[in-house]
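# Structure at a glance
This is what each chain is made of:
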Amino acid sequence: MSILFHGGSKTFHIWNQDVSYVMMILPNGQLGQLYFGKRIHDREDFSDLLELAPRAMASCPWMGNKEFSLEHVKLELPSYGSGDFRAPAVEIRQGDGSRISDFQYTSHRIEDGKPGLAGLPATYVEEASNAQTLVVELKDPLTGIKAELSYTVFTQGAALAKNVRYVNEGDQAVWLERAMSLCLDLPDSLYEWVQLSGAWARERHMVSRKLAPGIQSIGSMRGHSSHHHNPFLALKRPCTTEDHGEAIGVSLVYSGNFLMQAEVDVHGSARVLAGIHPDTFSWKLEPGEAFQTPEAVTVYSSEGLNGMSQAFHKLYQRCLARGEWRDKVRPILINNWEATYFDFDEEKLLEIAKKAASCGVEMFVLDDGWFGRRDSELAGLGDWVANKDRLPHGIAGLAKKIGQLGMKFGLWFEPEMVNLDSDLYRSHPDWKLEVPGRASCHGRNQFVLDFSRKEVVDAIYGMMADILQEADVSYIKWDMNRSMTEVFSKAIPADRQGEVFHRYILGVYDLYDRLTSNFPHILFESCASGGGRFDPGMLYYAPQAWTSDNTDAVERMKIQYGSSLCYPISSIGSHVSTSPNHQMNRKTPLRTRANVAYFGTFGYELDLNRMSEEELEEVKEQIAFMKEYRSILQFGTFYRLKSPFEGNEMAWMVVSQDQKTAIVGWYRVLNQINGSFTRVKLKGLLEDTCYENSQDGARHYGDEWMHLGLRTSDVTAGEVPAGKEPSNDFESKIYVLKAVE
Ligand code: DGJ
């Protein structure tokens, strides 16, 4: 790993064994981009990569020179209005109304390690020797605005982290109208764009299309990263598969409004931008003030989409998630939401917990409804004090009784919200985000607190901390159940209202920071009506996230498969729920519900008292299986094998670090009669090692499992041979392969 500056040619080369990134100070003083991709040898001068050519109609800065035009060069911090007509990475509105800027190189520094980002989540390293950071300083001479562009490369992995910090070193206030975190100018546009899109209860489905001339984009203006589009995109070559070919992944470490776009220009190059959504953003920078953009992470893979995902998984597992739980296997929990909804008291909860404890469940999580007058969605949010009618011994009393059953105790909060029917709202009506004089939309009958105000965050922290100091709480599920509307803060002046969305998210991060610092033993699971804020920003504070409110095993195949494109298996909250399923009304076998949930944090979302003895035996076996293999399932190397978006079957697998154990999950949605003979080619095994298959004891070398494949066809469909169980819809199997000496 190294970052080099070649003074003679004014080029920077950032590289490690997997990736290279090359930039140069352009003849006009701006910072240009020359290459991003697989690692290449270093050389003194890469300036021949600068593509200059006289083109008719181009806007050029120097009289007599028709070759150098910002319209054609690849740029690191492009702005609009001086010859580059593509979408800009920065836009600064000045006092006189001008929006033109010209960021010129002034200096750079190269340091070991990676500095943190004030107030924002970001990747980090524990040892300075594990990363190097280049900070290039640019300045717009007329306004005095300085831009510090930071680039970090890690010792391992083809990932680069980038952010920009603006400082007003001038003597006039300006407004940042656009401050993107990343600009990647790719020399060609022969890519397919893959995004993770959906809606509530069907989040992160893989959607792809060919890049075409013009702008294609995804984003959120809902105040949270959203169920609808995830702050992630992949660009892959048309021939790229899961295992072969080039892919570039872009991920934004941010939980609020975002924009990701690719603009294909007339010459076929593609500009990728990622950052805070400019349509809901305007930030006033007074002289002396600074603004920090979120971090964007780009990954290059020459080994297909699996290679890209594995690079994200490793980075996000070890260098983004933090705290005591980062590297630990996750407790198997039972959550009472789908078992009781709002209809519970202490006795009922303890009954659920007792049965769960007897099956080997390790943690009981009390969901919504334990506080204030929260008998329905209409009341109570904001009053974080136990409802003594339901819980006569309070949270501390319940947690103690759960502890006596040998289980840990977890608790649900929705800290950012308020109901009109709450003591909090009655005493602080001005803490609600709203435009004075206008009606406000509710979402699930609730309103959003103005987390851009420190006193609001202080008050919520105080109530939460009181509970956490008094009760033995090992886990928090932090929920957020509506999008933001009528966004306006009564605490800041008119010319700063464009800051509220971002200030709100900074408030959310502040509360997370205080809680995770002061209660470091607590495992956090983020949630936003399921997967409405499943993003890298959240992962920094909460190493796992509730993936979706949809707990149906068939729907979860697509949701979890899509999520795995960027997010590690240890972050994917997954539970076995009852059948028929509450969201889809679909009946699926208990084994298939577990076989999907194993590829995540694993738990139950039902009342085990309502199960038969036979089912309970199965549950005990599932829990024992998960306990034995969760370190591999959650922290092994994950491979997608067969896509649920392309057919009736899905398969994925994980391989242990030493490659001696592999767990394969195979799933078929609808049963088939007289169907094809099917095989799945496995990945990541040792070619010369013999593995035994847990399903039938078959032994084959790794090369056979990988090149010839694992037979998955089901002979029982159709005529069922004597002694064989007939197969059915929603069939699945787990194969454990172990190396034999
Ligand atoms: C939405 C979450 O996604 C559910 O799991 C549950 O916690 C409910 N909110 C409770 O209101």
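Please read these numbers as outputs of a predicted model, since none were measured by experiment. (Residues numbered from 1 in each chain as written. Predicted model: local features only at pLDDT ≥ 70, side-chain atom pairs only at ≥ 80, totals over all residues. Heavy atoms only, no water.)

### What to know about the nonpolar core
Keep this limit in mind: To qualify as a nonpolar core, a set must consist of buried Ala, Val, Leu, Ile, Met, Phe, Trp, Tyr and Cys residues joined through side-chain atoms within 4.5 Å. Throughout this description, buried means an accessible area under 20% of the type-specific maximum (1.4 Å probe, protein chains only), exposed means over 50%, and partly exposed covers the range between. Residue contacts are counted whenever heavy atoms from the two residues lie within 4.5 Å of one another.
Grouped together as the largest cluster of nonpolar side chains are 197 residues, with contacts concentrated most on Tyr166, Leu366 and Trp370. When near neighbours in sequence (up to four residues on either side) are disregarded, Trp370 contacts Phe344, Trp384, Val385, Ala386, Asn387, Leu391, Ile395, Leu411, Trp412, Phe413 and Ile467. The next biggest cluster of nonpolar side chains, apart from the first, holds 17 residues, and it includes Val664, Trp666, Trp705 and Tyr735.

### Re the sheet that holds strand S29 (residues 572-573)
Put simply, the test is: Strands were regarded as paired on the criterion that DSSP finds at least two bridges between them. A run of DSSP states H or I qualifies as a helix once it reaches four residues; a run of E qualifies as a strand once it reaches two. Both are numbered from the N-terminal end. Axis definition: a line fit to C-alpha positions, over the contact stretch in the case of helices; interaxial angles, taken between N-to-C directions, run 0 to 180 degrees.
Read across the sheet, nine strands follow the order S29-S28-S27-S26-S23-S22-S21-S31-S30 without closing on themselves; strand pairing throughout is parallel. Each having just a single partner strand, S29 and strand S30 (576-577) make up the two edges of the open sheet. Across two bridges, strand S21 (residues 333-335) lies against strand S31 (residues 603-605) in parallel orientation. Paired with Ile334 across the bridge in S31 is Tyr604. Of the strands in this sheet, S21 and strand S22 (363-366) are in contact with helix H3 (residues 346-359), which crosses S22 at around 155°.

### Some points on the domain arrangement of the protein chain
Often, the extent of an interface is quoted as the loss of accessible area upon association of its parts. We apply this condition: Reported domain spans reflect what an automatic or database domain assignment gives. The term buried area means the drop in 1.4 Å probe accessible area that two parts suffer when joined, counted for both and summed. We define a salt bridge as a side-chain nitrogen of Lys or Arg found within 4 Å of a carboxyl oxygen belonging to Asp or Glu.
What the domain assignment lists for the protein chain is domain 1 (2-319), domain 2 (333-634) and domain 3 (649-739). The interface is formed by 49 residues belonging to domain 1 together with 44 residues belonging to domain 2. Buried surface at the junction of domain 1 and domain 2, summed over both partners, amounts to about 3800 Å²; 57% is from carbon and sulfur atoms. The largest per-residue losses of area from domain 1 upon contact with domain 2 belong to Arg204, Ser255 and Trp283, which jointly make up 16% of the total buried on that side. In this structure, the connection of domain 1 to domain 2 is made through two salt bridges. With a shortest N-O distance of 2.7 Å, Lys284 and Asp495 are connected by a salt bridge.

### Overview of the pattern of salt bridges
Here the structure, examined in full by the defined rule, presents 58 salt bridges. Notably, a salt bridge pairs Glu499 with Arg496, separated by 2.7 Å at the nearest N-O pair. Judged on exposure class, the residue Glu499 and its partner Arg496 are both buried. With a closest N to O distance of 2.9 Å, Asp510 and Arg514 form a salt bridge. Here Asp510 pairs with Arg514, and both are found in helix H7 (residues 500-518), just four residues apart, close to one helical turn. Salt bridges linked by common partners bring Arg109, Glu111, Glu137, Lys139, Lys146, Glu148, Arg165 and Glu169 together as one network.

### Describing the packing of helix H10 (residues 590-597) against helix H11 (residues 613-635)
The condition is simple: Any angle from 65 to 115 degrees is called roughly perpendicular, while one under 35 is roughly parallel, one over 145 is roughly antiparallel, and all others are oblique. The handedness criterion is simple: a crossing whose near helix is rotated anticlockwise from the far helix by less than a right angle is left-handed, and one whose near helix is rotated clockwise is right-handed. Classification convention: Asp, Glu, Lys, Arg as charged; Ala, Val, Leu, Ile, Met, Phe, Trp, Tyr, Cys, Pro as nonpolar; all other residues, Gly among them, as polar.
Viewed as axis vectors pointing N to C, H10 and H11 meet at an angle of 20°, and their least axial separation amounts to 11 Å. Classified by the interaxial angle, the pair formed by H10 and H11 is roughly parallel. The crossing of H10 and H11 is right-handed. Mapping the contact onto sequence places Leu590, Arg591 and Ala594 in H10 and Glu615, Glu618, Val619 and Gln622 in H11. Partitioning the contact of H10 with H11 into residue classes produces three nonpolar, one polar and three charged.

### A look at the site of the ligand
Test applied: When at least one non-hydrogen atom of a residue lies within 4 Å of a molecule or strand, that residue is treated as near it. Polar contact criterion, stated in full: a pair of N or O atoms within 3.5 Å, where within protein one must be able to donate a hydrogen and the other to accept it, and residues adjacent in sequence count only if both atoms are side-chain atoms. Residue burial considers only the protein chains on display, and all accessible areas are found by Shrake-Rupley using a 1.4 Å probe.
Not every one of the 13 residues close to the ligand is listed here, only the nearest: Asp367, Asp368, Lys477, Asp479 and Asp549. One of the side-chain N or O atoms of Trp546 is found 3.4 Å from an oxygen atom in the ligand. Contact with the protein chains hides 97% of the accessible area of the ligand, taken as 300 Å² for the molecule alone.

### Focus on the sheet that holds strand S34 (residues 661-668)
What the six strands build is an open sheet, ordered S32-S33-S34-S39-S36-S37; its pairing is antiparallel. Among the strands making up the open sheet, the edge pair consists of strand S32 (637-642) and strand S37 (699-701). Sheet twist, expressed as the mean angle between neighbouring strand axes with direction ignored, is 25°. With four bridges connecting them, strand S36 (residues 690-693) and strand S39 (residues 731-740) associate as antiparallel partners. Within the sheet, the bridge partner assigned to Glu692 lies in S39 and is Lys738. Together, strand S33 (649-655), S34 and S39 form the strand contacts of H10, whose direction differs from that of S39 by roughly 55°.

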